[in-house]
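# Breakdown of the fold
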Amino acid sequence: MSNRVISMWTGSTRNRVIVIVLTFAATVKLSHSLYRKLRRSRTRSGTMSFAAPPENDTESLRRSRILSSKLYLDVPSSKVPLIYSSTYDIAFLGIEKLHPFDSAKWGRICRFLSMDDVVDKNCIVEPKEATKEDLLVVHTEAYLNSLKKSADVAMIIEVPPVALFPNCLVQQKVLSPFRNQVGGTILAAKLAKERGWAINVGGGFHHCCGGKGGGFCAYADISLCIHFAFVRLNISRVMIIDLDAHQGNGHETDFANDSRVYILDMYNPGIYPFDYEARTFIDQRIEVASGTTTAEYLRKLDEALEVAAHNFAPELIVYNAGTDILDGDPLGRLKISPDGITHRDEKVFRFALERNVPIVMLTSGGYMKSSARVIADSIANLSNKSLIDMGRKTSSI
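Residues numbered from 1 in each chain as written. Predicted model: local features only at pLDDT ≥ 70, side-chain atom pairs only at ≥ 80, totals over all residues. Heavy atoms only, no water.

### Thoughts on helix H8 (residues 221-232)
Here H8 is twelve residues long and its end C-alpha atoms lie 16 Å apart, about the 16 Å a rise of 1.5 Å per residue gives. Burial analysis of H8 places eleven of its twelve residues in the buried class, the great majority of the element. Residues of H8 that are buried include every one of Asp 221, Ile 222, Ser 223, Leu 224, Cys 225, Ile 226, His 227, Phe 228, Ala 229, Phe 230 and Val 231, and no others. Note on H8: the residue one or two positions beyond its end, Asn 234, has a positive phi of about 55 degrees. (Helix = DSSP H or I, 4+ residues; strand = E, 2+ residues; numbered from the N terminus. Expected span 1.5 Å × (residues − 1). Buried < 20%, exposed > 50% of the residue type's maximum accessible area, 1.4 Å probe, protein only.)

### Focus: helix H6 (residues 150-157)
Given 3.6 residues per helical turn, the α-helix brings residues three or four places apart onto the same face. Restricting attention to buried positions, one finds in H6 the residues Ser 150, Val 153, Ala 154, Ile 156 and Ile 157. Take H6 and look down its axis: the buried residues cluster within an arc of 165 degrees, on one side only. At its buried positions, H6 is contacted by helix H5 (141-146) and helix H7 (167-195). Following H6 by one or two positions, Glu 158 has its phi on the positive side, about 65 degrees. (Arc of directions from axis to C-beta. Contact = heavy atoms within 4.5 Å.)

### With respect to the confidence of the model for the protein
Per-residue confidence for the protein averages 87 on the pLDDT scale, and 82% of its residues sit at or above 70. When the criterion is pLDDT under 50, residues 1-53 qualifies, and its contacts beyond four places in sequence or with other chains add up to eight contacts. (pLDDT = per-residue confidence, 0-100.)

### Notes on the packing of aromatic side chains
Counted under the stated rule, the structure contains six aromatic pairs. An angle of 75 degrees between the planes, with centres 5.4 Å apart, marks the rings of Tyr 84 and Tyr 88 as edge-to-face. Put simply, the rings of Phe 178, Phe 205 and Phe 216 pair up and form one aromatic cluster. A cation sits over an aromatic face here: Arg 260 above Phe 230, 4.0 Å from the ring centre. (Phe/Tyr/Trp six-rings, centres within 6.5 Å; stacked < 30°, edge-to-face > 60°. Lys NZ or Arg CZ within 6 Å of the ring centre and 35° of its normal.)

### Remarks on the packing of helix H12 (residues 338-354) against helix H13 (residues 371-384)
At a minimum axis separation of 9 Å, H12 and H13 run at an interaxial angle of 40 degrees. One finds that H12 runs oblique with respect to H13. Note that H12 runs across H13; the crossing there is right-handed. Judged by residue contacts, Pro 338, Ile 341, Thr 342, Asp 345, Glu 346 and Phe 349 of H12 engage Val 374, Ser 378, Asn 381 and Leu 382 from H13. Along the lines of polarity and charge, the residues of the contact of H12 with H13 split into five nonpolar, three polar and two charged. (Axes fitted to C-alpha atoms, helices over the stretch in contact; angles between N-to-C directions. Parallel < 35°, antiparallel > 145°, perpendicular 65-115°, else oblique. Left-handed = near helix turned anticlockwise from the far one by under 90°. Nonpolar A, V, L, I, M, F, W, Y, C, P; charged D, E, K, R; others polar.)

### Digging into unusual backbone geometry
A negative phi holds for most residues other than glycine; trans holds for most peptide bonds. The step from Tyr 272 to Pro 273 runs through a cis peptide bond, and the omega angle for that step is 15 degrees. Along the chain, the position of Pro 273 falls in the loop between strand E4 (261-267) and helix H10 (276-279). One non-glycine residue, Asp 117, adopts positive backbone phi at about 60 degrees. Topologically, Asp 117 is positioned in the loop between helix H3 (105-115) and helix H4 (132-135). Taking relative accessible area as the criterion, Asp 117 reaches 40% and is therefore assigned partly exposed. In this structure, Phe 216 is a non-glycine residue whose phi angle is positive, near 70 degrees. Checked against the element boundaries, Phe 216 lands in the loop between strand E2 (197-200) and H8.

### Remarks on the sheet that holds strand E1 (residues 82-83)
Read from one edge to the other, the open sheet built from seven strands follows the order E1-E2-E7-E6-E3-E4-E5, with strand pairing classed as parallel. Either end of the sheet is taken by a strand with one partner, and the two such strands are E1 and strand E5 (284-287). Bridge count for E4 against E5 is four bridges, and the pairing is parallel. Paired with Leu 264 across the two strands is Gln 284, which belongs to E5. Contacting E2, strand E3 (238-242), strand E6 (316-320) and strand E7 (359-362), H12 crosses the sheet at an angle of about 175 degrees to E6. (Pairing = 2+ DSSP bridges.)

### Side note on the side chain of Asp 324
You can see Asp 324 is positioned in the loop between E6 and H12. Put simply, Asp 324 is tucked away with no salt bridge, and the nearest opposite charge, on Arg 344, sits 6.1 Å away. A polar contact is formed between the side chain of Asp 324 and the side chain of His 246, at a distance of 2.9 Å. Discounting chain neighbours no more than four positions away, the residues touching Asp 324 are Asp 244, Ala 245, His 246, Asp 329, Gly 332, Arg 333, Gly 365, Gly 366 and Tyr 367. (Lys, Arg positive; Asp, Glu negative; His and termini not counted. Salt bridge = Lys/Arg side-chain N within 4 Å of Asp/Glu carboxyl O. Polar contact = N/O pair within 3.5 Å; in protein donor to acceptor, adjacent residues only side chain to side chain.)

### Quick look at the pattern of salt bridges
In total, this model carries 18 salt bridges according to the counting rule given. With a closest N to O distance of 4.0 Å, Glu 315 and Arg 237 form a salt bridge. Residue Glu 315 is located in the loop between helix H11 (294-311) and E6, and its partner Arg 237 is located in the loop between H8 and E3; the two are separated by 78 residues in the primary sequence. Looking at Glu 315, the relative accessible area reads 27%, which means it is partly exposed.

Shown next as structure tokens:
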């Protein structure tokens, strides 16, 4: 084939390619134009819409999930609003002992209360486990999916070997107990509204927010409890009194700039989680440095409650009553005596009773074996002082 023929063929081919490209471009442009017209037409007629859903769709979906939930049980009057299930306790081949938290604390509290004749074990309320639909009231789908990875759960509960186990086992041995405690916290608000008070022997996972867990907190039970109360109990003003040694950055993030929720957080700023952004969402911040003793702590609490009473009129109080403020706790680094815990809890319950405000108490953090005994003694004291009614007379402490 001569060079001339090659040149002619190449030129002809090039022309055909140009025509094809131009034709294709015109077709695409026309198709896009027709598609846009069709989209606008269907959007106006309501048969098809690609627009982002209205903002209130999220609230509508949340409300629907709350109203369809089975967590708000009807509890007979023969039961006292003390909530616990044996499913709370975590036993995972001994691995749970690698974390300083006493994962059998909840059961031991109830055994002490029963042995001390503070409560009849048959009168304790057993909650239901929170379902995925319940958790989606606050949590994102992406976050819940992340919990299907054992490595992610291991990071949240701070026990690295958990990453090596099949997720089905992690769900059963770790996350299911947490979900049962979430069910208890949510139910506690209903019982508090009906009876004036309720104590979930578990819960208080205040480091978890809707999209992130941490600090042994996998689910945001405090935020969930409050959103359920907004819808099911017709409550519009909630006060969180967080007296765990650590900052409650989870609920602070969830209710950032939400005027319906007033947060009083009394914490040690020199320990985990160092969440400076979440601190800006605290309405009343009381910082107690490492080494703070009982007298100083209780004085600051008295002052804080007085300020809170002037600033906000709640319809429900959620009290996060961590015992990691105890002297000797390896993580809290404060020096509060067991009697100091008893007086602290009494002050908060009296604050609620004097204002006729229902109160929910959660046991939250506490990293010494002695915590269970201290909590049980404090609950007995509340009963002795007639701040709660356990259905039977208790001996004086």
